[in-house]
Amino acid sequence: MGKTKAKKRPQAQLFDDDDDKAPLLVDKHGKPVNDGNGSDDDGSAPPTKKAKKAANPLSAGGLFKRAPAGKKKRPEIADSDDEEEEEEENENENDSDNMNDDDDDDDDNDEMGTDEFLPEMKIERKARALDALARSEAEASKAELADAHAAGEQFVYPSPEELEHEKQVPLSREAIHSRIQEVVRVLNNFAMEREEGRKRKDYLDLLVHDLASYYGYVDWLCERLLSLFSVPEGLEFFEANESPRPLTLRANTLKTRRRDLAQALIRRGVNLDPLEKWSKVGLQVYDSQVPVGATPEYLAGHYMLQSASSFLPVMALGARENERILDMCSAPGGKSAYIAADMKNTGTLIANDVSPIRIKAVAANLHRSGARNTIVTVYDGRKFPSVMGGFDRVLVDAPCTGTGVISRDPSIKMQKRETDVRRLACLQRALLLSAIDSVDAHSATGGVVVYSTCSILPEENEEVLNYVVSRRHVRIVPTGLAFGRPAFTRLRNKRWHPSIRNAIRVYPHTHNMDGFFVAKLQKYENGVKNASNTPASAGGARGGGDDVDIELSDNEEQDEEEDLDMDKIQQFEVDTDGAPQALLKFLYPNLSISLSGGRETNRDSLSSGERTGRSPSSKSRWPYVSL
C-alpha cells in the first residue's frame, strides 16, 4: 500500500519526527494503537473497536502522548469474538478508573470539554465525603461512650466545695451541658449508675441547677416545669423554648376564602402552606419577600397574624349563628374576630376587657376584620354578672404567667415569681366563676364556658378547674379538638377531679405550637353548689358566685385599684355606623347608655332573676359602656 501524506490532526494529537509517516497513536499509558503506517498489521484485518475508540482524541482516558523511543509495539488483533469482548470489558474498566483520577486530570478534561457534568459530580463527591465523615464521627462518639460505660466509668457527683466554688467561678456552657448529659444518663439508669449513698433527689437538684444556669431560668420555675415531664422530655421542652414557633395567620372568612388569600400572598412572594387538616382557616408562613404584617391584604382585614394555639379555644367554643356570646378577656381581639367570623356577623358578641388601653387594640382589630355584631366594653370580668347575663357561650382566655410562650417572651424565665403564680391563680378562679354565672344553663344551643391559658402550670389550670367544679353545677366535657394531651388528674402527691382529663394540654416540643391549656365546661344548672357552705358571689352577682380573696402587696393593690377604678376609665368612640347602639337598644330596650358623656350616676341594682334573663326591668340601668 502506498504511503500517503498525513492528514491534519487535532491539536491534542502529537506526531513522530518522520513527517512522511502517519501519526503513531498511543494511549496515556504508552500503549500503541497502530503501527504508524496508516494501516493495520497486514492490511487485511479490520481494526478492533479498541483501536477505533483510541483514535478519537476526545475519548476517555486523557490526551494522547508520543510513544517512547524503543518501545513501539504493534497492537494485538483479537483472534476470536470472546477475546474481543474480554478486551472491551478491560477497556471499560480502564475508562471507569480514568474517571476517578486525581483533580489534575479532571481539570484537563474540563478544559477539553470532555464532560459537562464533572463540576456537579465533584460537588456530589464532596457531599458524600462529608456525610461519611459525619457518620464516622457519630459512630466513634457512640463507641467511645460504650467503651466508657464498659470500662465502668462513673459520674462523680461534685463535692460541696466544688459547688461553692462554682458560685464564684461559673462553669463554661460546654462544661454545664456535658454535666447535664451525665446526670441524665445516671437518672435513666439510676440503680446502676448512682454513687453509693446518693439519692435521686440529689441528682435532680443538680440537674435543675444546671438547667437553670444553661437556659437562663430562675431555679423555682425550672424545677416546676421539669416536674411536669420525664427527665428526657423535660430537656426537649427546654430546648424547644429556645427556638421560635412557626409563623401562622388566620384567613378572615368574613372577607375572603383561604384559597384566594393564599394565592394573593403567593403572588406577593410569600411562601406558605395550609396549616393542618384540623384548621380550615390557618396558613403557615415559611418565608416572605414582603412584611406579612403590612400587606394590602392584611390592612384590608383579609387575615390576622395569630398563633396556631390561639385557634384552639375558639374552635372548642363552637360559636353558632344568632347566639349571644361573651369574650370576657378579649384583648387584643384576635379571638373575638374569630368568633365573629364563626357567627357570620349574626347574633351578638360582647368583647370585654378590663384595660382601657388594651381595649383600643380590640376595637381596631374588630374594625379591620369587618365584625358588625360586636359590642366592646370595659369591665372587670370578676364583676361582669352584675352587668348582664344569660349568655349562650362564654370564652375566658384568662391572664396567666405565660409559661407556654417562653419562646416569644424570654423575659418570663427570670421575671416571674412564685407569688405571681398564686395571685394569678386566684384571679383565674374568680374570672371562671364569674363566666359560669354569666352563662345560662337553660340555653337551647349553648350553656358552654371555655377556659384557656397560655400557661402549662397546674396551679393555673387543673387546680382552677378542680376549684370551680366543686362550687358550680358544671361538668368538664371533651373539647372536640383532634390533638393535645389529656390534662392531669394526678401529679406527684396531688389529685384532681377525674373529669379534668377531658381538658387538653399543648406543648411546644410535641406539637410545635405555643404551650396552651384548653378546657370546655357545660353548665347544667344555674345557681351555686353547696350554697350553705360557700361565701357570696365572686363577681358581686346575687344568687351565685364565690368571693375569692386575692392577696396583693401594697403596691400591687394600689395598681389594681387604679386599673379597676371605673371613674378613671377614659372613653373613646368607635364608628360602627350605629350598630352597637342599635344592638344595645334591641337587647335592652329600657337601657340608658352613656356613649360620649360621663358615667351614669343613677344606677339601680338588678335583681337575681333580672340578671339571668335577657331583658332587665324598666327600673334597671346599665352602669357604663365604653365604645
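All values derive from a computational prediction rather than experimental measurement.

### Considerations on the pairing of strand 9 (residues 448–453)
In terms of burial, strand 9 is a largely internal element, six of the six residues being buried. Residues Val 448, Val 450 and Ser 452 line one face of strand 9 and the alternating positions Val 449, Tyr 451 and Thr 453 line the opposite face, and both faces are buried. Judged from the five bridges that link them, strand 8 (residues 393–397) and strand 9 form a sheet pairing that is parallel. The residue of strand 9 that forms the bridge with Val 396 is Tyr 451. Two elements, strand 9 and strand 15 (residues 516–528), share six bridges in a ladder whose sense is antiparallel. Along strand 15, the bridge assignment pairs Val 450 with Lys 520.

### Observations regarding the confidence of the model for the protein chain
The predicted coordinates of low-pLDDT regions are not to be read in fine detail. Summing up the model confidence of the protein chain, the mean pLDDT is 75 and the portion of residues at 70 or higher is 63%. Note that pLDDT drops below 50 for residues 53–81; the model gives that stretch 52 contacts with residues more than four away or on any other chain. Segment residues 531–580 is flagged for pLDDT under 50; beyond a separation of four residues in sequence, or across chains, it makes 103 contacts in the model.

### Describing the packing of aromatic side chains
With the rule as written, the count across this model stands at 15 aromatic pairs. One aromatic cluster is present, formed by Tyr 214, Tyr 215, Tyr 217, Phe 229, Phe 237, Phe 238 and Tyr 507 through successive ring pairs. Above the face of the Phe 190 ring, Arg 200 is positioned so that its terminal group lies 5.8 Å from the ring centre. The ring of Tyr 298 is capped by Arg 368, whose NZ or CZ atom sits 4.1 Å from the centre of that ring.

### What to know about the nonpolar core
What tends to happen in soluble globular proteins is that the nonpolar side chains get buried as a cluster. Grouped together as the largest cluster of nonpolar side chains are 76 residues, with contacts concentrated most on Leu 465 and Leu 521. The contacts of Leu 521, once residues within four sequence positions are left out, are Ile 436, Gly 447, Val 448, Val 449, Tyr 451, Leu 465, Val 468, Val 474, Arg 475 and Ile 476. Counting residues in hydrophobic clusters, the runner-up holds 36 residues, among them Leu 312, Val 448, Phe 483 and Met 513.

### Description of the sheet that holds strand 2 (residues 270–274)
The strand order across the open sheet built from four strands is 2-3-1-4, with neighbouring strands paired in antiparallel fashion. Each edge of the sheet is formed by a strand with only one pairing partner; in this case those strands are strand 2 and strand 4 (303–305). Here the average twist between neighbouring strands, direction ignored, is 35°. Inspection of the sheet shows strand 1 (residues 247–251) paired to strand 4 by three bridges, in the antiparallel sense. When the bridges of strand 4 are listed, Ala 251 appears paired with Tyr 303. Sitting on the sheet, helix 11 (residues 258–267) is in contact with strand 1, strand 2, strand 3 (282–288) and strand 4, with an inclination near 160° to strand 2.

### A closer look at the side chain of Asp 353
Tracing the backbone shows Asp 353 in strand 6 (residues 348–353). The buried charged residue Asp 353 lacks any salt bridge partner; its closest oppositely charged side chain belongs to Arg 358, at an N-O distance of 4.1 Å. Here Ala 331 takes part through its backbone nitrogen, which lies 3.3 Å from a polar atom of the side chain of Asp 353. Of the polar contacts made by the side chain of Asp 353, one reaches the backbone nitrogen of Ser 355; its length is 3.1 Å. When neighbours within four sequence positions are excluded, Asp 353 is seen to be in contact with Met 328, Cys 329, Ser 330, Ala 331, Arg 358, Ile 359, Thr 377, Val 378 and Tyr 379.

### Comments concerning helix 17 (residues 418–438)
Taking 1.5 Å as the rise per residue, helix 17 with 21 residues should run 30 Å; its terminal C-alpha atoms sit 31 Å apart, in good agreement. Counted residue by residue, helix 17 has 15 buried out of 21 residues, so it is predominantly covered.

### Some thoughts on the environment of Val 362
Following the sequence through the fold, Val 362 ends up in helix 15 (residues 358–369). Residue Val 362 is classed as buried on the basis of its relative accessible area, which comes to 0%. Distance from Val 362 to Gly 333, taken between C-alpha atoms, is 4.2 Å for residues 29 residues apart in sequence. Sequence-distant contacts of Val 362, defined by excluding residues within four places in its chain, comprise Ser 330, Ala 331, Pro 332, Gly 333 and Ala 351.

What counts, and at which threshold
Residues numbered from 1 in each chain as written. Predicted model: local features only at pLDDT ≥ 70, side-chain atom pairs only at ≥ 80, totals over all residues. Heavy atoms only, no water. Buried < 20%, exposed > 50% of the residue type's maximum accessible area, 1.4 Å probe, protein only. Helix = DSSP H or I, 4+ residues; strand = E, 2+ residues; numbered from the N terminus. Pairing = 2+ DSSP bridges. pLDDT = per-residue confidence, 0-100. Contact = heavy atoms within 4.5 Å. Phe/Tyr/Trp six-rings, centres within 6.5 Å; stacked < 30°, edge-to-face > 60°. Lys NZ or Arg CZ within 6 Å of the ring centre and 35° of its normal. Core = buried A, V, L, I, M, F, W, Y, C linked by side-chain atoms within 4.5 Å. Axes fitted to C-alpha atoms, helices over the stretch in contact; angles between N-to-C directions. Lys, Arg positive; Asp, Glu negative; His and termini not counted. Salt bridge = Lys/Arg side-chain N within 4 Å of Asp/Glu carboxyl O. Polar contact = N/O pair within 3.5 Å; in protein donor to acceptor, adjacent residues only side chain to side chain. Expected span 1.5 Å × (residues − 1).

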